[in-house]
Amino acid sequence: MATKAGDWRSYQRVLLPPVRDLHKLSVYGDYAALRKVLAEYSPQEVAGIVKKSGLRGRGGAGFPTGLKWSFMPPIKAGVPRFLCCNGDESEPGTFKDRQLMEFNPHQMLEGILIANYAITAKTCYLYVRGEFADWITLIDAELAKAYEANLVGDNIMGTGFSTDIVVHKGAGAYICGEETSLMESLEGKRAYPRIKPPFPAQSGIWGYPTTINNADTLACVPPIIKRGAEWFAGIGAPGHPGPILYGISGHVNCPGVYEYPSGMLITDLLEEVAGGMRGGKALKAVVPGGASVPVLRADMIDGVTMDAGSLKKAGSMLGTAGMLFLDEDTDMVAFLRRVTRFYHHESCGQCTPCRDGTGWMENLVTRIDEGEGNLRDLDLLLDLCNQMEGRTVCALADAAAWPVRNTILRFRKDFEAKCRSSMWTAKTVA
Amino acid sequence: MADFIRNPVVTLPDRNPAPHFCEQELAFTEEEKTKIARWVSQYPTPDGAVMWTLWLAQEKFGFLPPEVLRLVGEELGIPYAQVYGVATFYTQYYKQKKGVCVLDVCTCFSCQFTGGYDLLHYLEEKLGIHAGETTADGCFTLQEVECLGACGSAPMLQVSNGPFVHCVTRARADALIDALKAGRMPEFASVTLPQDEDELGGNRRTDVAFCERYATLPIAKHTR
Ligand SMILES: Cc1cc2nc3c(=O)[nH]c(=O)nc-3n(C[C@H](O)[C@H](O)[C@H](O)COP(=O)(O)O)c2cc1C
Ligand code: SF4
Ligand code: FES
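Residues numbered from 1 in each chain as written. Chains lettered and ligands numbered in written order. Predicted model: local features only at pLDDT ≥ 70, side-chain atom pairs only at ≥ 80, totals over all residues. Heavy atoms only, no water.

A. Spatial organisation of the overall build of chain B. The helix and strand inventory of chain B stands at nine helices and four strands. When the helices and strands of chain B are read in sequence order from the N terminus, they spell out α-α-α-α-α-β-α-α-β-β-β-α-α. When each of the 224 residues of chain B is scored for burial, the buried share is 54%. Within the structure as shown, chain B displays about 10,200 Å² of accessible surface, and the carbon and sulfur contribution to it stands at 53%. (Helix = DSSP H or I, 4+ residues; strand = E, 2+ residues; numbered from the N terminus. Buried < 20%, exposed > 50% of the residue type's maximum accessible area, 1.4 Å probe, protein only. Areas by Shrake-Rupley, 256 points an atom, 1.4 Å probe, with all protein chains shown as cover.)

B. Spatial organisation of the site of ligand 1. Residues and elements named next belong to chain A. Around ligand 1, a shell composed of 18 residues is seen, among which G59, K68, N86, N214 and T217 lie nearest. For ligand 1, an oxygen atom lies 2.8 Å from a polar atom in the side chain of K68. Here an oxygen atom of ligand 1 and a backbone polar atom of E179 are 3.1 Å apart. Its free accessible area being 620 Å², ligand 1 has 90% of it covered by the protein chains. (Near = heavy atom within 4 Å. Polar contact = N/O pair within 3.5 Å; in protein donor to acceptor, adjacent residues only side chain to side chain.)

C. Local environment of the site of ligand 2. Residues in contact with ligand 2 amount to 13 residues; listed here are only the nearest, A:C348, A:Q350, A:C351, A:C354 and A:C394. The pocket occupied by ligand 2, as judged from atoms lying within 2 Å of grid points, is the largest cavity. (1 Å grid on protein atoms, 1.4 Å probe; cavity = no way out; pocket = protein on both sides within 12 Å on 5 of 7 lines; lining within 4 Å. Sits in = over half its atoms within 2 Å of the grid points.)

D. Quick peek at the domain arrangement of chain A. All names here are of chain A. If you check the domain split of chain A, you get domain 1 (5–233), domain 2 (243–327) and domain 3 (332–429). Centre-to-centre separation of domain 2 and domain 3, based on C-alpha positions: 24 Å. Contact with domain 2, which involves 15 residues of that partner, is made by 11 residues of domain 3. Surface buried jointly by domain 2 and domain 3 totals about 1,100 Å² across both partners, of which 68% is contributed by carbon and sulfur atoms. On the domain 2 side of the contact with domain 3, K284, S292 and V295 bury the most area, a combined 42% of that side's loss. Counting the contacts that link domain 2 with domain 3 gives one salt bridge. The partner of K284 in a salt bridge is D414, and the shortest N-O contact between them spans 2.7 Å. (Domains from an automatic or database assignment. Contact = heavy atoms within 4.5 Å. Buried area = accessible area lost by both parts, 1.4 Å probe. Salt bridge = Lys/Arg side-chain N within 4 Å of Asp/Glu carboxyl O.)

E. Region of interest: empty space enclosed by the protein. In this structure the tally under the stated criterion is three cavities of 30 Å³ or more. The volume enclosed by the largest cavity comes to roughly 80 Å³. Forming the boundary of the largest cavity are 15 residues, of which A:C348, A:C351, A:C354, A:C394 and A:L396 lie nearest the centre. For the lining of the largest cavity, the secondary-structure elements that each account for two or more residues are α15 (352–369) and α17 (396–410) of chain A. Along the lines of polarity and charge, the residues of the lining of the largest cavity split into nine nonpolar, four polar and two charged. Approximately 40 Å³ is the volume attributed to the second largest cavity. Along its surface, the second largest cavity is lined by 13 residues, and B:C106, B:S110, B:C111, B:C147 and B:C151 are the ones closest to its centre. Looking at the lining of the second largest cavity element by element, the count peaks at three residues for helix α6 (residues 109–112) of chain B. Grouping the amino acids of the lining of the second largest cavity by side-chain chemistry returns 10 nonpolar, three polar and no charged. (Points joined across faces, edges and corners; volume = space filled by probe spheres on them. Nonpolar A, V, L, I, M, F, W, Y, C, P; charged D, E, K, R; others polar.)

So this is what it looks like as structure tokens:
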């Protein structure tokens, strides 16, 4: 069957190509895309190329990257501008950025430098979550080599363009992935998200114009420069083109990160890429893009492809493309219990609907899971979701409400089974 | 009912514990001061360097009691309250003394359904402690943590904010504990990409059987 991903079996990987020791600078080569950019293009032209390529953010929201870059205000003397590279990656089910940092860090660094040029920033803060200590060591070593080769730093390759990359180590808070929270964290404060507007492009780190992009997004930039915007726009689904790092986990035979074009059929990813379900079990549910996106029932994925448009129609979102496959024996109440626990733990506590709402969600779902819930709790949970959505500073409250609402609506039988067993046990009926 | 009011998920540390370190111990060496100065130079204001400095302090002192936080504040010239605020926001900064090895077992959903809780409960039984506690000899602290970004090699754990141990089976957990007791930290392990297996060879899991299903409840009865 022809899919949007086209002939994906013969797809040539560009983000994580099969080259041994690619993480070494000597193997990666000397930043040809950066050289081309510095020699041939103006910053506006670079942003234009990226805009034309149709690259959309891989951090979850899917915002067009070139457009984001063009939001930066005009340059003013004495006002520094910054780029943040978001390598916080704490969304459950997502593990693509870590693989990128491990196997192809230079492409990410090169992407950062090109983005710095496009938005004329002098510094990029690369925010990596604290748990990735080993990967920070790795990046530090490779970054030092790039500095030595004059690919980063002052007067890069003698072109007069200077820029720095500073690695910032987080310390274990999911909320730091949210863009404004990341900025607070960089400034050395408690990472409370800020109210938007003003948006980061107007007032970001220390109040200066800032652009923030995911690590994976920036790693897509060098191939775009090398091979052209048309080539990139032609990969995968129109409207959401490019290579996607599918992080597949759960009850599949061969979990891991796979690079394929966008717009892959979910069924292809499961059966042909990840080797099917473990032990030949039937599929029960798919979480297509990290914990925050609505879960899909097995009967909802026919013909659904992994791009923003198709998933939206199916009632979910692409998110980070971290896919979790669950088999027929999975208890969806236990699943939801763990998800709500996650959000309760990670809520920063700034807004009451989120701080208390996530707590009550966990409480109610735990009660149902332990067989002490009743049917009214389900409606209470749905009502709670309505009360939380869109009433908070950042999107974490929405991200907590979506899985709750959709898991209950789509797997209501599972929940009712657990509720009822506590209300009408065999004894009371008899 | 309102469990989370009585037992908050993130407990706040004691505000004024008896000091753990004496005056003489509380100082950074010249070498550490140069490191801190380098971090400070990388940000527009010294505040930016507070997270790196806290990491340094935690490596040096093992954990971050108020007197260490005060030292960090003095070193950077920022208020103690701000340093305290930052240290208490992030879970990886230890506000209380932990064991020599901290085992962070991921139990978030990918791990949950491939044996994360089984692993946690196995270690609880093996070490004779509940999650969140430290063994009597001060060797091990066992913790339940949120997704560590290695869901493809679940179940997994992290040792003392350092190396990841992927695809942990019972046998591997036993071997890990033995090695840690002998003072050997696990090495950095790279998990090959599945797509590279044919061309470059791989080290991916072959012993799927152990992780086939989660058998134990998300929060086992005996932990409460
Ligand atoms: C609660 C929350 C958590 C987030 N976590 C991450 C994250 O871990 N990594 C990431 O790249 N983006 C994360 N984001 C998205 C960022 O806010 C931001 O949209 C993204 O980094 C922009 O990059 P992009 O345009 O390249 O996608 C998160 C957003 C929210 C609301
Ligand atoms: S929605 Fe939640 S996480 Fe976001 S700012 Fe409010 S309390 Fe914090
Ligand atoms: S769920 Fe355990 S590492 Fe992601």
